[in-house]
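Residue-level structural notes
Listed here are the chains, written in short residue letters.
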Amino acid sequence: MSVKSKREVLSAALAGDPAAFAALVVPARPRMVGVISRIVGADDAEDIVQEALIRAFLGLSRLRDPERMEAWLIAVAVNVAKMWLRSRAAQARALAAAGSAPAISYEREVLGVVVDALDQLPRGQRDVVLMYYVDDLSCEDIAALVGTTAAAVRVRLHRARAQLRRELAPLAPVRLDKPRKEVPMLDVKVEDVVVRVAADDPSRIVVEVPTIILLKEKQGERAMPIFVGLSEGASVAARLADKQFPRPTTADLAIDLLRAAGEGIERVAITSIRHDTFYATVFVNGEQVDARPSDALALAVRAGVPILIEERLLDDYGLGGLTLVEKIDEQAAKGGLEIPAGEWKSLSMELILAQQVMRWTSHPPTTSEAEEET
């Protein structure tokens with residue numbers, strides 16, 4: 001059926017022609033039954049679809065685009081199913097209050113909670129969640145049905161999942177065989193990024209000495225240094241100063257790619273240390289991704305998300321009662337390292353740019369290298 005003929009049939013249906021309405025809904029009915037069967041079970045699906053079709057016929061004036069007929073009918077049916085579930089739940093509660101409640105399965109109770117959580121979502125998010133998870137449509141198919149882009153659908157899904165995760169967290173199963181040990185985590189922030197500058201030239205960074213990212217707990221005075229490379233430290237320092245490099249860094253690219261995919265970083269955590277090397281985790285859409293602390297911190301300061309650290313790490317590897325300089329000297333002595341003459345300074349954009357100019361002056365880049373760094 002062409003778009004023009006669909007519009008003609010829709011006009012006839014709007015005028016009250018049941019046959020025209022039937023011609024519009026026949027192609028959508030099998031999918032409606034399939035979707036509703038997953039929500040309420042096959043035994044009650046037909047009755048709910050029938051009621052939904054009656055409601056749709058009476059409210060047909062709300063449909064403007066015949067191409068979205070199927071998605072609209074499914075949405076109407078899902079709303080009817082939710083009302084039916086709530087009605088059943090209310091009846092069960094009334095019977096329970098009277099002392100004669102029938103046995104209601106735990107699964108049906110959980111389903112009612114899930115339906116209520118879905119009902120709290122904004123309409124646009126709720127529709128794409130149902131189409132994606134219940135009707136098994138792809139983001140591209142949903143985009144075509146609702147008249148938007150696949151990227152916009154992914155953004156709605158991401159936001160809906162975040163809200164549902166918060167609402168439905170109490171339903172998460174608890175493993176009784178191996179109870180999970182809670183690891184105390186503290187909220188920290190990047191207090192500073194520090195480098196060693198030469199004694200004879202305060203604008204020259206001593207690149208042989210590691211750059212230091214200083215983490216400090218938000219609700220206390222404890223702090224801990226993490227030793228990183230200069231480029232990694234510069235990526236964090238630039239963001240702290242609210243500055244940007246002429247071209248996106250790797251961290252900038254990662255954040256932009258996640259946003260384009262409709263995803264986002266939730267938090268990062270410094271979780272362990274092995275062989276004097278710290279390890280970090282980045283939490284993205286409920287998944288955990290291993291990372292170097294420098295990369296995780298560069299992402300966190302750009303995304304503006306919480307930075308967490310295991311409390312034992314802060315106790316065991318923090319400054320304790322030492323100053324940062326004293327801690328560095330202590331670490332250097334343990335490793336048998338000799339720190340060149342100079343002083344420790346906060347890494348600024350001026351120092352970063354001066355270092356780059358100095359490197360270019362001493363080692364002029366080739367044409368391709370210059371294009372890469374510009």
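The structure contained in this document is the topic of the report that follows. The structure presented is a predicted model; accordingly, all values stated were derived computationally and were not measured.

In terms of helices and strands, the chain carries 16 helices and eight strands. Of all 374 residues assigned to the chain, the portion counted as buried reaches 39%. Nonlocal contacts in the chain, meaning residues at least 24 apart in sequence, comprise 63% of its contacts between residues at least 6 apart.

Ranked by size, the top nonpolar core spans 52 residues in total, and within it Met-32, Ile-36, Ile-39, Leu-60, Met-69, Trp-72 and Leu-73 carry the most contacts. With eleven residues, helix H5 (residues 69-97) is the largest single contributor of residues to this core. If we skip the residues at most four places from it in the chain, Met-69 touches Phe-21, Leu-24, Val-25, Leu-60 and Leu-63. By size, the runner-up hydrophobic cluster in this structure holds 41 residues, among which are Ile-213, Val-305, Leu-347 and Ile-352.

Here the focus is helix H4 (residues 42-58). Taking 1.5 Å as the rise per residue, H4 with 17 residues should run 24 Å; its terminal C-alpha atoms sit 25 Å apart, in good agreement. Listed in full, the buried residues belonging to H4 are Ala-45, Ile-48, Val-49, Ala-52, Leu-53 and Ala-56. Projected down its long axis, H4 carries its buried residues within an arc of 145°, all on one side. Turned more than 90 degrees away from the buried face of H4, the exposed residues are Asp-43, Asp-47 and Leu-58.

Assignment of secondary structure puts Asp-200 in the loop between strand S1 (185-198) and strand S2 (211-217). For Asp-200, a relative accessible area of 66% corresponds to the exposed category. Sequence separation between Asp-200 and Gly-342 is 142 residues; the distance between their C-alpha atoms is 7.6 Å.

Quick look at helix H8 (residues 139-146) now. Of the positions making up H8, those classed as buried are Cys-139, Ile-142, Ala-143, Leu-145 and Val-146. End-on, the buried residues of H8 take up no more than an arc of 165°, which puts them together on one face. Positive backbone phi, approximately 75°, marks Gly-147, located one or two places after H8.

Scanning the model with the defined rule gives 18 salt bridges in all. We note a salt bridge from Asp-127 to Arg-123, for which the minimum N-O separation is 3.9 Å. With Asp-127 and Arg-123 both in helix H7 (residues 123-134), this residue pair falls four residues apart, about one helical turn. Residue Asp-127 is classed as buried on the basis of its relative accessible area of 17%.

This next bit is on the pairing of strand S4 (residues 265-274). Counting buried positions over the ten residues of S4 gives seven, a clear majority of the element. The pairing of S4 with strand S5 (residues 277-284) spans eight bridges and is classified as antiparallel. Along S5, the bridge assignment pairs Ser-272 with Tyr-279. Sheet analysis places S4 next to strand S7 (residues 307-310), joined by three bridges and oriented parallel.

On to the packing of aromatic side chains. Given two aromatic rings, one states the distance between the centres and the angle between the planes to describe the pair. If you walk through the whole model with that rule in mind, you get two aromatic pairs. Judged by centre distance (5.9 Å) and plane angle (80°), the ring pair of Phe-278 and Tyr-317 falls under edge-to-face. Residue Phe-278 is located in strand S5, and its partner Tyr-317 is located in helix H13 (residues 311-317); the two are separated by 39 residues in the primary sequence. Note on Phe-278: relative accessible area 13%, which makes it buried. Taking the relative accessible area as the measure of exposure, Tyr-317 reaches 34% and is therefore partly exposed. Directly above the ring of Phe-283 sits Arg-267, whose terminal nitrogen or CZ lies 3.8 Å from the centroid.

So, on to the pairing of S5. Residues in a regular strand project their side chains so that they alternate between the two faces of the sheet. Of all the eight residues making up S5, six are buried; the element is thus mostly covered by neighbouring parts of the structure. Taking the residues that link successive antiparallel strands as the turn, the S4-S5 hairpin has two residues, and the phi of His-275 there is positive, at about 55°. Relative to strand S6 (residues 287-291), S5 runs antiparallel, the two being bridged by five bridges. Each residue of the ladder has a partner; that of Ala-280, found in S6, is Ala-291.

Once that is clear, we can look at the packing of H8 against helix H9 (residues 150-168). For the pair H8 and H9, interaxial distance at closest approach is 8 Å and the crossing angle is 105°. By the angle class used here, H8 and H9 are roughly perpendicular. When H8 is examined against H9, the residues Cys-139, Glu-140, Ile-142, Ala-143 and Val-146 are found in contact with a partner set consisting of Ala-150, Val-153, Arg-154, Arg-156 and Leu-157. Here the residues of the contact of H8 with H9 sort into seven nonpolar, no polar and three charged.

About the cut-offs
Residues numbered from 1 in each chain as written. Predicted model: local features only at pLDDT ≥ 70, side-chain atom pairs only at ≥ 80, totals over all residues. Heavy atoms only, no water. Helix = DSSP H or I, 4+ residues; strand = E, 2+ residues; numbered from the N terminus. Buried < 20%, exposed > 50% of the residue type's maximum accessible area, 1.4 Å probe, protein only. Contact = heavy atoms within 4.5 Å. Core = buried A, V, L, I, M, F, W, Y, C linked by side-chain atoms within 4.5 Å. Expected span 1.5 Å × (residues − 1). Arc of directions from axis to C-beta. Salt bridge = Lys/Arg side-chain N within 4 Å of Asp/Glu carboxyl O. Pairing = 2+ DSSP bridges. Phe/Tyr/Trp six-rings, centres within 6.5 Å; stacked < 30°, edge-to-face > 60°. Lys NZ or Arg CZ within 6 Å of the ring centre and 35° of its normal. Axes fitted to C-alpha atoms, helices over the stretch in contact; angles between N-to-C directions. Parallel < 35°, antiparallel > 145°, perpendicular 65-115°, else oblique. Nonpolar A, V, L, I, M, F, W, Y, C, P; charged D, E, K, R; others polar.

Any functional reading would require information beyond the geometric quantities listed.
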